[in-house]
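Report on the structure
Spelled out, the chains give:
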Amino acid sequence: MLFSKVAHHLGYDLTGDDLELNSMNELALASHGELTFAVGKKYSSDLSSSGSNAFLISSDLVEYLPKNASYIICENVSLSMAYATKLFAPKLIDFKSSHAEVGDESYIDTMAKVENGAKIGSHVTIMSGAYVGSNVTIKDNTTIYPNVTIYRDCSIGANCIIHSGTVIGADGFGFSHTATGEHVKIYQNGNVVIEDDVEIGANCAIDRAVFNSTIIKRGTKLDNFIHIAHNCEIGENSIFVAQTGIGGSTKLGRNCVVSGQSAFSDHLDIAPFSTFTARSGVTKSIKESGGTYSGYPLMEHREWRRLQSKIAKLNS
Amino acid sequence: MLFSKVAHHLGYDLTGDDLELNSMNELALASHGELTFAVGKKYSSDLSSSGSNAFLISSDLVEYLPKNASYIICENVSLSMAYATKLFAPKLIDFKSSHAEVGDESYIDTMAKVENGAKIGSHVTIMSGAYVGSNVTIKDNTTIYPNVTIYRDCSIGANCIIHSGTVIGADGFGFSHTATGEHVKIYQNGNVVIEDDVEIGANCAIDRAVFNSTIIKRGTKLDNFIHIAHNCEIGENSIFVAQTGIGGSTKLGRNCVVSGQSAFSDHLDIAPFSTFTARSGVTKSIKESGGTYSGYPLMEHREWRRLQSKIAKLNS
Amino acid sequence: MLFSKVAHHLGYDLTGDDLELNSMNELALASHGELTFAVGKKYSSDLSSSGSNAFLISSDLVEYLPKNASYIICENVSLSMAYATKLFAPKLIDFKSSHAEVGDESYIDTMAKVENGAKIGSHVTIMSGAYVGSNVTIKDNTTIYPNVTIYRDCSIGANCIIHSGTVIGADGFGFSHTATGEHVKIYQNGNVVIEDDVEIGANCAIDRAVFNSTIIKRGTKLDNFIHIAHNCEIGENSIFVAQTGIGGSTKLGRNCVVSGQSAFSDHLDIAPFSTFTARSGVTKSIKESGGTYSGYPLMEHREWRRLQSKIAKLNS
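The rules behind each value
Residues numbered from 1 in each chain as written. Chains lettered and ligands numbered in written order. Predicted model: local features only at pLDDT ≥ 70, side-chain atom pairs only at ≥ 80, totals over all residues. Heavy atoms only, no water. Contact = heavy atoms within 4.5 Å. Buried area = accessible area lost by both parts, 1.4 Å probe. Salt bridge = Lys/Arg side-chain N within 4 Å of Asp/Glu carboxyl O. 1 Å grid on protein atoms, 1.4 Å probe; cavity = no way out; pocket = protein on both sides within 12 Å on 5 of 7 lines; lining within 4 Å. Points joined across faces, edges and corners; volume = space filled by probe spheres on them. Nonpolar A, V, L, I, M, F, W, Y, C, P; charged D, E, K, R; others polar. Helix = DSSP H or I, 4+ residues; strand = E, 2+ residues; numbered from the N terminus. Buried < 20%, exposed > 50% of the residue type's maximum accessible area, 1.4 Å probe, protein only. Expected span 1.5 Å × (residues − 1). Polar contact = N/O pair within 3.5 Å; in protein donor to acceptor, adjacent residues only side chain to side chain. Least-squares fit on C-alpha atoms with pLDDT ≥ 70 in both. Pairing = 2+ DSSP bridges. Axes fitted to C-alpha atoms, helices over the stretch in contact; angles between N-to-C directions. Parallel < 35°, antiparallel > 145°, perpendicular 65-115°, else oblique. Left-handed = near helix turned anticlockwise from the far one by under 90°. Phe/Tyr/Trp six-rings, centres within 6.5 Å; stacked < 30°, edge-to-face > 60°. Lys NZ or Arg CZ within 6 Å of the ring centre and 35° of its normal. Domains from an automatic or database assignment.

Considering the interface of chain A and chain C
Taken together, the 41 residues of chain A in the interface contact 49 residues of chain C. Surface buried jointly by chain A and chain C totals about 3400 Å² across both partners, of which 58% is contributed by carbon and sulfur atoms. Its largest share of buried area at the contact with chain C, chain A owes to A:Arg279, A:Leu314 and A:Asn315, together 19% of the area lost on that side. Linking chain A to chain C there are 2 salt bridges.

Considering empty space enclosed by the protein
Across all of its chains, the model carries 4 cavities of 30 Å³ or more by this definition. Volume-wise, the largest cavity comes out at about 210 Å³. Taken together, A:Phe225, A:Gln243, A:Gln261, A:Arg279, B:Phe225, B:Gln243, B:Gln261, B:Arg279, C:Phe225, C:Gln243, C:Gln261 and C:Arg279 make up the full set of residues lining the largest cavity. Looking at side-chain class alone, the lining of the largest cavity contains 3 nonpolar, 6 polar and 3 charged residues. Roughly 90 Å³ of volume is contained in the second largest cavity. In this structure, the second largest cavity is lined by 14 residues; those nearest its centre are A:Asn147, A:Gly165, B:Asn147, B:Gly165 and C:Gly165. Counted by class, the lining of the second largest cavity contains 2 nonpolar, 12 polar and no charged residues.

Remarks on the pattern of salt bridges
Applying the stated criterion across every chain yields a total of 19 salt bridges over all chains. Note that A:Glu199 is salt-bridged to C:Lys185, the shortest N-O span being 2.8 Å. With A:Glu199 in strand 20 (residues 199-200) and C:Lys185 in strand 18 (residues 183-185), the pair connects residues from two separate chains. In this pair, the class of A:Glu199 matches that of C:Lys185, namely buried. Across the pair C:Glu300 and C:Arg302 runs a salt bridge, and its minimum N-O distance is 3.1 Å.

Description of unusual backbone geometry
Put simply, A:Tyr296 and A:Pro297 share a cis peptide bond, and its omega is 0 degrees. In the Ramachandran plot, C:Gln261 falls in the positive-phi region, its phi being about 60 degrees despite a non-glycine side chain. Despite not being glycine, C:Phe273 shows a phi value in the positive range, around 60 degrees. Here C:Phe273 is to be found in the loop between strand 31 (269-270) and strand 32 (275-276).

Here's the deal with helix 3 (residues 77-88) of chain C
Residues and elements named next belong to chain C. Over its 12 residues, helix 3 extends 17 Å from the first C-alpha to the last, a length consistent with the 16 Å expected when each residue adds 1.5 Å. All of the buried residues in helix 3 are Val77, Leu79, Ser80, Met81, Ala82, Ala84, Thr85 and Phe88. Where helix 3 is buried, its residues touch helix 1 (3-10), strand 1 (23-24), strand 2 (34-38), strand 3 (54-57), strand 17 (175-177) and strand 18. Sitting at the amino-terminal end of helix 3 is asparagine 76, which places a side-chain oxygen 3.3 Å from the backbone nitrogen of serine 78.

Remarks on the interface of chain A and chain B
The interface is formed by 49 residues belonging to chain A together with 41 residues belonging to chain B. Summing both partners gives a buried area of about 3400 Å² for chain A against chain B, and 58% of it is carried by carbon and sulfur. Our count for the chain A to chain B interface comes out at 27 residue pairs in polar contact (both at pLDDT 80 or more). Of all the secondary structure elements, the ones that give two or more residues to the side of chain A that touches chain B are strand 16 (167-171), strand 18 (183-185), strand 21 (205-208) and helix 4 (301-313) of chain A. Looking at the side of chain A that touches chain B, the element that brings in the most residues is helix 4 of chain A, giving 5 residues.

A word on the relation of the copies chain A and chain C
Superposing chain A onto chain C requires a rotation of 120 degrees together with a translation of 0.0 Å along the rotation axis, leaving an RMSD of 0.0 Å. Considering both components of the superposition, the chain copies are consistent with a three-fold axis.

Section: the sheet that holds strand 6 (residues 107-108) of chain B
Residue and element names in this part refer to chain B. The 11 strands lie next to each other as 6-9-12-15-20-23-26-29-32-34-35, forming an open sheet whose pairing is mixed. Looking at which strands have only one partner, the edges of the open sheet turn out to be strand 6 and strand 35 (299-300). In the sheet, strand 6 pairs with strand 9 (residues 125-126) via 2 bridges, with the strands oriented parallel. Looking at strand 9, one finds that isoleucine 108 is bridged to isoleucine 126.

A look at the pairing of strand 19 (residues 191-194) of chain A
Residue and element names in this part refer to chain A. Of the pairings in the sheet, the one linking strand 14 (residues 155-156) to strand 19 comprises 2 bridges and is parallel in character. Bridge pairing in strand 19 links serine 155 to valine 193. Across 4 bridges, strand 19 lies against strand 22 (residues 213-216) in parallel orientation. Its bridge partner being in strand 22, asparagine 191 is matched across the sheet by serine 213.

Re the packing of helix 1 (residues 3-10) of chain B against helix 3 (residues 77-88) of chain B
Residues and elements named next belong to chain B. Between helix 1 and helix 3, whose axes approach to 10 Å, the crossing angle comes to 125 degrees. Between helix 1 and helix 3, the interaxial angle falls into the category oblique. Here helix 1 runs over helix 3; the crossing is right-handed. Contact residues: helix 1 offers Val6, His9 and Leu10, while helix 3 offers Ser80, Tyr83, Ala84, Leu87 and Phe88.

Focus on the side chain of B:Asn224
Here B:Asn224 shows up in the loop between strand 23 (221-222) and strand 24 (227-228). A polar side-chain atom of B:Asn224 sits 2.8 Å from the main-chain amide nitrogen of B:Ala202. Beyond its immediate sequence surroundings of up to four residues, B:Asn224 is in contact with A:Ala205, A:Asp207, A:His227, B:Gly201, B:Ala202, B:Cys204, B:Ala242 and B:Gln243.

Notes on the packing of aromatic side chains
All told, the structure shown has 24 aromatic pairs over all chains when counted by the stated rule. An angle of 70 degrees between the planes, with centres 6.2 Å apart, marks the rings of A:Phe225 and C:Phe225 as edge-to-face. Here A:Phe225, found in the loop between strand 23 (221-222) and strand 24 (227-228), pairs with C:Phe225, found in the loop between strand 23 (221-222) and strand 24 (227-228), and the two come from separate chains. On the basis of relative accessibility, which here comes to 3%, the residue C:Phe225 falls in the buried class. Joined through ring pairs, the aromatic side chains of A:Phe225, B:Phe225 and C:Phe225 make up one cluster. Its end group placed over the ring of B:Tyr187, B:Lys185 keeps NZ or CZ at 5.4 Å from the ring centre.

Let's talk about the domain arrangement of chain A
All names here are of chain A. According to the domain assignment, chain A contains domain 1 (3-88) and domain 2 (101-305). Domain 1 and domain 2 are separated by 30 Å when their C-alpha centres are compared. Each partner contributes to the interface: domain 1 provides 14 residues, whereas domain 2 provides 10 residues. Taken together, the two surfaces of domain 1 and domain 2 that pack against each other cover about 960 Å², and 62% of this comes from carbon and sulfur. The largest contributions to the domain 1 side of the interface with domain 2 come from Leu79, Ala82 and Thr85, which together make up 39% of the buried area. Joining domain 1 to domain 2, the criterion identifies 0 salt bridges. Applying the counting rule to domain 1 against domain 2 returns 4 residue pairs in polar contact (both at pLDDT 80 or more). Ranked by residues supplied to the side of domain 1 that touches domain 2, first place goes to helix 3 (residues 77-88) with 8 residues. Residue composition of the side of domain 1 that touches domain 2, by class: 8 nonpolar, 4 polar and 2 charged.

In structure tokens form, the structure reads like this:
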């Protein structure tokens, strides 16, 4: 899409050369041909060193743009960014791709739906009522139970098991807000990548990234009702017990163990080999690996136990 | 249905004229032709001023009935009411309605099910495995992702997005109880109304009203795993983060923001522009708009922060 | 399957006679022809009195085996047990059974899937998108709403109502762990038994047992988003409010009432007529019936109320 068309859609003028844009991306990751955006002086150095050449910015950031950049100055960058994502959203279904490819010895129920462009490995089972969207990849030996939904462009590894009712690749929960309190959808144009040997329980929801990928790494096991928000990265061989939720862009290292009904805020970085007891409420990053935590606010498990006995004594 | 038939079904005598009844409703809202019910003196004045003319009541309330009322005196009104709801429950599927109407440029996948009597607007997308029940209305430009279920008689506005696994219009959780501890279903004969510009995440559940409607107003956005019980009313442009639940008949004003894993009791009234941080547990109505709250029991957010630091000191 | 084949699969030698094995079971319940396992001296007496004759054990337990036992000494019994369960896992779909039997006056939508070997009673309704696995039994007058999934070998009683998105019989969450932190699936070869008059809300998940059955007894009612883990047993006429989770093998007596967002640990035994207020976190068994509890850590409700007022005073 031409940058000038984006400018027209947003109702602003384009400064600099017109460019062909393939997609959007966040400032730190965007490269040539990817539209990106920045608001606020704290991004001035990221802006200067950006690999992109196409920007939506606030007027105070013009001086920090890299050389030869094309840009649009927006009154409300966040809102303009949201409107722009719609232009880059793929169609819900890609009817133009060729028919799905299916490997040897795979079983696809006649009442499952596999859209065009999907690539299904060998010895895969896709049961009745499952939905496999356009251009989805599913590798060998994976089982998709009935009524699973996999949105377009997601990828599932080998030897995975995905239980019924689970939804992979629904839109992340992202909106920009108008001055009058309406919420403008930020189209979620990324995908979900599930690596090999992952098992996902019943009725989970793993949201697609706004840009790039939400990733569940090799060997991780999710119980039922796990919520993984957009752009999370879950390390290898982790364990999530039922009804736990992970906020957007949070990253957990390998072999974390998270007990039931726990929750993590957005944008955290959790060291590997961390353990969280039931109903942990995690609002800060954890740098040291190997700890065990409890409570909300979160603290070391030992401390939490001590605190509970102190609290109990208030009643005596 | 004739009131005499209801009386026969309940095993009681009808006093007064026999009447044709169209439906049931709660006392405050019932009009002529709607069977209603009351138990306990606190309803005496509501009873006297009721717009209905057909009642299930306890014997002590007879004197408060409006003139010319027909009524049944029940030993256990709550239980008789539950039994009566079954008589007014529509069939699961309305085979007698005419074929669904579908507007221009709409796409309904061949593996989606749209029952008779449904009215689908233009530019609507209904993907594989979605279920659209009898007499459901879906307005223009709305997207229904795969494996969404919309029970009969519900209505979905324009420009809505409903993600996979979400269930709209399942029965509210309502039972009357026998002396021996069995639970008798109160049939949920209302519906769900979703207004325009609403987005609902994956694997949500919005229950139909027992009578009348559960309502999600214009512009509200729900993340994944949101539970909205029967007869709730959610104001315009509100935001609900994942794994939050709202108890029956609770009403929230416009532009509320509810963070993840929060919960609201039944029958609350929440002022507009209220904000609730993660895991808020709301058990009382909120009258003043614009506040920020936390904790369970709930308190002002500032107070909660102060309290957490006091609690932490117990351990020192 | 021959015990010698299991030994070969595990890479160990079989001691004693070769045996035909039908299934696996836990030590306390296993009978002749059922492979079982034990690790640690605390199981020595259970081992001696076991009804089984086929064992996976650690070397220190050989002397406690019953007479004429056949056995395999394993370095890591838990891990070998997990590998063995895979050998006893039934196929995902039993194509060889005869066509499903369906009773009089039942309605099965053409877009529902009923696998071979299923037995459907009379006056049953199975709506579009529902999945009824191989050898599932559904008794008279039961309603299965759209997009419900019932995994193979489960059984549903009469007069049940199962709402959309609910998954019955997905695998329990069970793994053994390697020294390098991988998780090896314990195949869940049991089933789920739902007795008569049970209603299950939208988007619930009731996991199949690892061996034997997860059981929901007669008359129990579940709201939306209820998680019941493998091998639970839920007593008659119980009530579970939305977003509650029950850990593996926990048993609740009859007429328990569990309010929303509550959670129970694994392996608890809860007395009948127990009541739990919202967000109860239950980590210990309850022996006396009729109590009311709150909080996490759990305490008597009265005590919890008193404690909350004491905690509130910390802020004054």
